[in-house]
Amino acid sequence: MRAKSIFLAALAPTVVVTAAYLPSLSSAFLLPSPATSLSRNSKTIYQPSSSIDTAASRRNNLLTLSAATTSSSSSATSSSRATTSKELIPRSILFGNPENTSPILSPNGKYLAYLAPSPNGVMNIFIRDLQIDSSNDDRMITNEPKRAIRSVAWAYDSQTVLYMNDFDGDENFHLFAVDATFTPNGESGEFPTPRDLTPGENIKAQTILLNYRYPDEILIGTNGRNPKVFDMYRCFYKTGELILDTINPGDVIGWKVEDESFEVRGAVARNEVDSSSTVRIRKSADLINSDFGSNDTEWRDVFHFPYGEEGGLLSFCPDNGKTGYITSSLGRETTALLKVDLETGETIEEIFSNDKCNVGGVTLDKDTKEVRAITYNYARTERVFFDKELEEDYEFLKANAPNPDAEVGVVSRTLDESIWIISYYQSDGPTSYYIYDKSLQTNGDEKETSGPTLTHLFVSNPKLLPYRFAPMEDVRIKARDGLELVGYLTRAVEKGSGTSPLILLVHGGPWARDSWGFRAQCQWFANRGYATLQVNYRGSTGYGKTFLHKGDKQWGVGDMQHDLTDAVQWAIDEGIADKDNICIYGGSYGGYACLAGLTFTPDLYKCGVDIVGPSNIKTLLDSVPPYWAPLRNGMLKKIGDVDNDPEFNEKISPLFHVDKIKAPLLIGHGANDPRVKQAEADQIAFSMYEKGIPVEYVLYPDEGHGFARPENRIDFNGRVEQFLAKHLGGRAEEMVEVEGSTARFPLLEKGMRSSDGVANDE
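As the structure is a prediction and not an experimental result, all values here were calculated from the model.

*Asks:* Just to check I follow, could you spell out the overall build of the chain for this structure?
*Replies:* A count of helical and extended segments in the chain gives 12 helices and 38 strands. Counting the 762 residues in the chain, one finds 61% classified as buried. Here the contacts in the chain between residues at least 6 apart in sequence split such that 63% fall between residues at least 24 apart. If you sum the accessible surface of the chain, you get close to 27600 Å²; carbon and sulfur atoms cover 47% of it.

*Asks:* I'm lost on helix α11 (residues 710-728) in this one. Help?
*Replies:* An α-helical turn contains 3.6 residues, so any two residues separated by three or four positions project in the same direction. Given a rise of 1.5 Å per residue, 19 residues ought to cover 27 Å, and the 26 Å separating the end C-alpha atoms of α11 matches this to within 8%. With respect to burial, α11 is a largely interior element, 17 of its 19 residues being buried. A positive backbone phi angle near 85° is found at Gly 729, which sits one or two residues after α11.

*Asks:* Just checking my understanding: could you explain the nonpolar core for this structure?
*Replies:* What tends to happen in soluble globular proteins is that the nonpolar side chains get buried as a cluster. Among the nonpolar cores identified, the biggest contains 127 residues, and Leu 533, Tyr 585 and Leu 724 are the most heavily contacted of them. With eight residues, helix α6 (residues 589-600) is the largest single contributor of residues to this core. In this structure, Leu 533 is in contact with Val 475, Ile 477, Tyr 488, Leu 489, Leu 502, Ile 503, Leu 504, Leu 505, Ala 567, Trp 570 and Ala 571, ignoring residues within four places of it in sequence. Among the nonpolar cores identified, the runner-up in size contains 18 residues, and Ile 125, Ile 127, Trp 154 and Phe 176 belong to it.

*Asks:* Sorry, what's going on with the environment of Thr 347 here?
*Replies:* Checked against the element boundaries, Thr 347 lands in strand β21 (residues 347-353). As for Thr 347 and Thr 323, which are separated by 24 residues in sequence, their C-alpha atoms are 9.7 Å apart. With residues up to four places along the chain from it excluded, the contact list for Thr 347 reads Leu 338, Lys 339 and Val 340.

*Asks:* What's the story with the sheet that holds strand β2 (residues 101-105) in this structure? I'm lost.
*Replies:* To summarise the sheet geometry, strands pair through backbone hydrogen bonds and adopt either a parallel or an antiparallel arrangement. Ordered by their spatial adjacency, four strands build an open sheet running β2-β3-β4-β5, and the pairing between neighbours is antiparallel. With partners counted over all chains shown, the strands left at the sheet margins are β2 and β5 (139-140), one partner each. Of the pairings in the sheet, the one linking strand β4 (residues 123-129) to β5 comprises two bridges and is antiparallel in character. Of the residues in β5, the one forming a bridge with Phe 126 is Met 140.

*Asks:* Please clarify how the pattern of salt bridges should be interpreted in this entry.
*Replies:* Opposite charge on two side chains permits them to pair, given that their charged atoms come into close proximity. The final tally for this structure, using the stated rule, is 52 salt bridges. Residue Asp 367 pairs with Arg 213 through a salt bridge whose shortest N-O separation is 3.9 Å. Of this pair, Asp 367 sits in the loop between β22 (359-364) and β23 (371-377) while Arg 213 sits in the loop between β10 (205-209) and β11 (217-222), placing them 154 residues apart in sequence. Given a relative accessible area of 22%, Arg 213 falls into the partly exposed group. We note a salt bridge from Arg 528 to Glu 721, for which the minimum N-O separation is 3.1 Å. In this pair, Arg 528 is assigned in helix α3 (residues 520-528) and Glu 721 in helix α11, connecting sequence segments 193 residues apart. Exposure remark for Arg 528: the relative accessible area of 1% places this residue in the buried category. Its relative accessible area of 1% is what places Glu 721 among the buried residues.

*Asks:* I keep staring at the packing of α3 against α11 and nothing clicks. Help me out?
*Replies:* Axis angle and axis distance: for two packed helices, these are the angle between their axes and the distance between the axes, and together they describe the pair. In contact at an axis separation of 12 Å, α3 and α11 are set at 35° when each is read in the N-to-C sense. Both α3 and α11 take part in a crossing whose hand is right-handed. Contact with α3, carried on its side by Trp 524, Phe 525 and Arg 528, involves Asn 717, Val 720, Glu 721 and Leu 724 of α11 and no other residues of that element. Here the residues of the contact of α3 with α11 sort into four nonpolar, one polar and two charged.

*Asks:* What's the story with the sheet that holds strand β35 (residues 577-587) in this structure? I'm lost.
*Replies:* The strand order across the open sheet built from eight strands is β31-β32-β34-β33-β35-β36-β37-β38, with neighbouring strands paired in mixed fashion. With partners counted over all chains shown, the strands left at the sheet margins are β31 (472-478) and β38 (695-700), one partner each. Along the sheet, successive strands turn relative to each other by an average axial angle of 20°, direction set aside. With six bridges joining them, strand β33 (residues 500-506) and β35 adopt parallel strand pairing. From the neighbouring strand, Val 506 faces β35, where its bridge partner is Gly 586. Sitting on the sheet, α6 touches β33, β35, β36 (607-611) and β37 (665-670), and the angle it makes with β35 is about 140°.

*Asks:* Is there a simple way to think about the pairing of strand β7 (residues 160-165) in this case?
*Replies:* In regular strands, side chains alternate between the two faces of the sheet. Counting buried residues in β7 gives six out of six residues, a clear majority hidden from the surface. In β7, alternate side chains face the same way, and those of Thr 160, Leu 162 and Met 164 on one face and Val 161, Tyr 163 and Asn 165 on the other are all buried. Sheet topology note: the strand β6 (residues 153-154)/β7 ladder contains two bridges and is antiparallel. Its bridge partner lying in β7, Trp 154 is registered against Val 161. Between β6 and β7, which pair antiparallel and follow one another directly, the connecting turn spans five residues, one of which, Ser 158, has a positive phi of 60°. Of the pairings in the sheet, the one linking β7 to strand β8 (residues 174-179) comprises six bridges and is antiparallel in character.

Cut-off values and rules
The numbers attached to residues start from 1 for each chain and follow its sequence in the written order. Only residues with pLDDT of at least 70 are given local features in this predicted model, and only at 80 or more are side-chain atom pairs given and counted; all residues enter the totals for whole chains, interfaces and linings. Side-chain descriptors were evaluated using all non-hydrogen atoms of the structure, hydrogens and water having been removed beforehand. The numbering of helices and of strands both runs from the N terminus, where a helix is a DSSP run of H or I of at least 4 residues and a strand a run of E of at least 2. Relative accessibility under 20% of the residue-type maximum defines a buried residue, over 50% an exposed one, and the middle range a partly exposed one, all with a 1.4 Å probe and only protein chains included. Contacts: residue pairs with any heavy atoms within 4.5 Å of one another. Here the accessible surface of atoms and residues is derived via Shrake-Rupley with a 1.4 Å probe, and residues count as covered only by protein chains that are part of the display. What a helix should span is 1.5 Å times the count of its residues minus one. Residues belong to a common nonpolar core when they are buried Ala, Val, Leu, Ile, Met, Phe, Trp, Tyr or Cys residues joined through side-chain atoms within 4.5 Å. The criterion for strand pairing is that DSSP finds at least two bridges linking the strands in question. Counted as salt bridges are all cases of a side-chain nitrogen of Lys or Arg within 4 Å of a carboxyl oxygen of Asp or Glu. Fitting a line to C-alpha atoms yields each axis, with helices limited to the stretch in contact; the angle taken between N-to-C directions then spans 0 to 180 degrees. For a crossing to be left-handed, the near helix must be turned anticlockwise from the far one by less than a right angle; the clockwise case is right-handed. When residue character is reported, Ala, Val, Leu, Ile, Met, Phe, Trp, Tyr, Cys and Pro are called nonpolar, Asp, Glu, Lys and Arg charged, and the others, Gly included, polar.

Shown next as structure tokens:
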């Protein structure tokens, strides 16, 4: 008898899969993104995030704002040349909760679920009955008191909502189910009781899959049996029954499901010795009822990707798993989308590739699995259509966009695909959501019908609307060896209006990338008088295997850091940046890059801001979560063998070069960070203090790898703002105490004061 299971529904019945099914190291030290990836139809629907980096709050501002103060420095931006509003945009608006976000339709189209702040300011799940022409009756169905819910999805019964949450940033995400149809008695304030579908201490859930053909089941990966690996479980979410479905033999880092049977038939194994990856396939997961015989329940190695190659299995085709789609860089520079024979491994058809960047998202028909569209992103998102009707939908949506430069996104669809939720994403304003109704509209005598309609739903952050924001420009930068780098520039002053201080904002990962769009940090910096430059340095993902692996063993003193230096020089040469007022700022790997910049190029930067960055690479890797064990050797290949070469570790680890630091540093860290432990911040902060080098250090005991609680985000950013104004001379809103923030000051607690004589909490 086939085992059974559970999870989250979110995108659309049309399958949208990312082209990176083969798990990589792309998120190893990436500061978690606000975005949440949810999807249906036997594919991954949730990747946890640790922050909501959006603005506007439904409740009162978290800060009681006093009169704004402006630096008298000559570098402060003239309002006539500024790219953003003349007035200071409050931090509470830029970094508080969104008012509405993550809208998702129930499969039957009767309900809308979305995230919004509860009366006490914590992001929770709300339900709107779309059969009622009013939003006044929206109901809050969860009541998380402290830790924001950052994802929401529907089960296929259109009555159960699923979500994930962790515990004070520990990233041990659990899956919860809650009744969306619950109606409290009177005004009692009752809420339905969430059910933890993955209970237990130190358990992490991931790879959560739904399938409309099996509406009562979800497949979930958890590490409950062995903390180092994830087995697949089948869960009946209505009863909570959880049954072990597929055991991880110890080397599998990802799973794939065949839709018709909803069986786990694909696995990605990582060789811990050579860091190669292998896609394994089996014809059936049902040993008892298999139509093929017992041999066909055994795993077979079908595709092999040596270290340095990229690719993986995307989807099975509806022919009982005989064929499927993969991405592969084998024999080419960037990944291509291929249709393949899953028995022989032979390529049947090359469907698409781009010479400059990898395949991105792939949209498949939920039933036939025909390719409908493919996205790719060198600097901006572009689409190739294989389905005329879908292309016409996008043309209609683009033509009706509120901003001609906005990018169109499909957030959710009903099961019959007649109603969609559309997002319009732009770089100089908040995201807008619309309902796109493709169902036939009958007029009066019911003999005439009208075409599709587009109805405004809500703006994620309406408190941003009164303000002017700077457009983000995608730029090209030549590194010293001639390599082209894609960057994103947000100016503080209009082009040709002179220089301004510059923030070099370094993305995490490092095996990730920056992309175009609205980013609260960039707009905040521009409004305060600082240009912001983001650059996809070598080692960033999406640009092909050579570009990715040009970053191997190039941390700190190598070409990855040289690319950042070259990007700063480009901004100076272009007349954008004031060469005497440059700050390097980043989270996670970006925090490491900040520390490396201050130690290895100490004359380039006026100051630095390090958020959850590692300072000693050996101690970093020695303390990562147990489920990273299969990836460790691959990380060593990318970083360098810090295990067996202590000299190399000392060479690239900023902790051993503290004496070289000249510029002031501000550090922010979460005490529960499972990726970059608190010790990474402690050791460099105390070392700098003891050597008399200016350092400030703020620790949040209820945060992890990033700051999820708005109270802590606003508090830390207030401290950053004062720090930048002091050292770069920009504008600053007054710093006042943020109620609910848990900020602590380890240097002060040790009886120390920051080495410039100012206590960390002043």
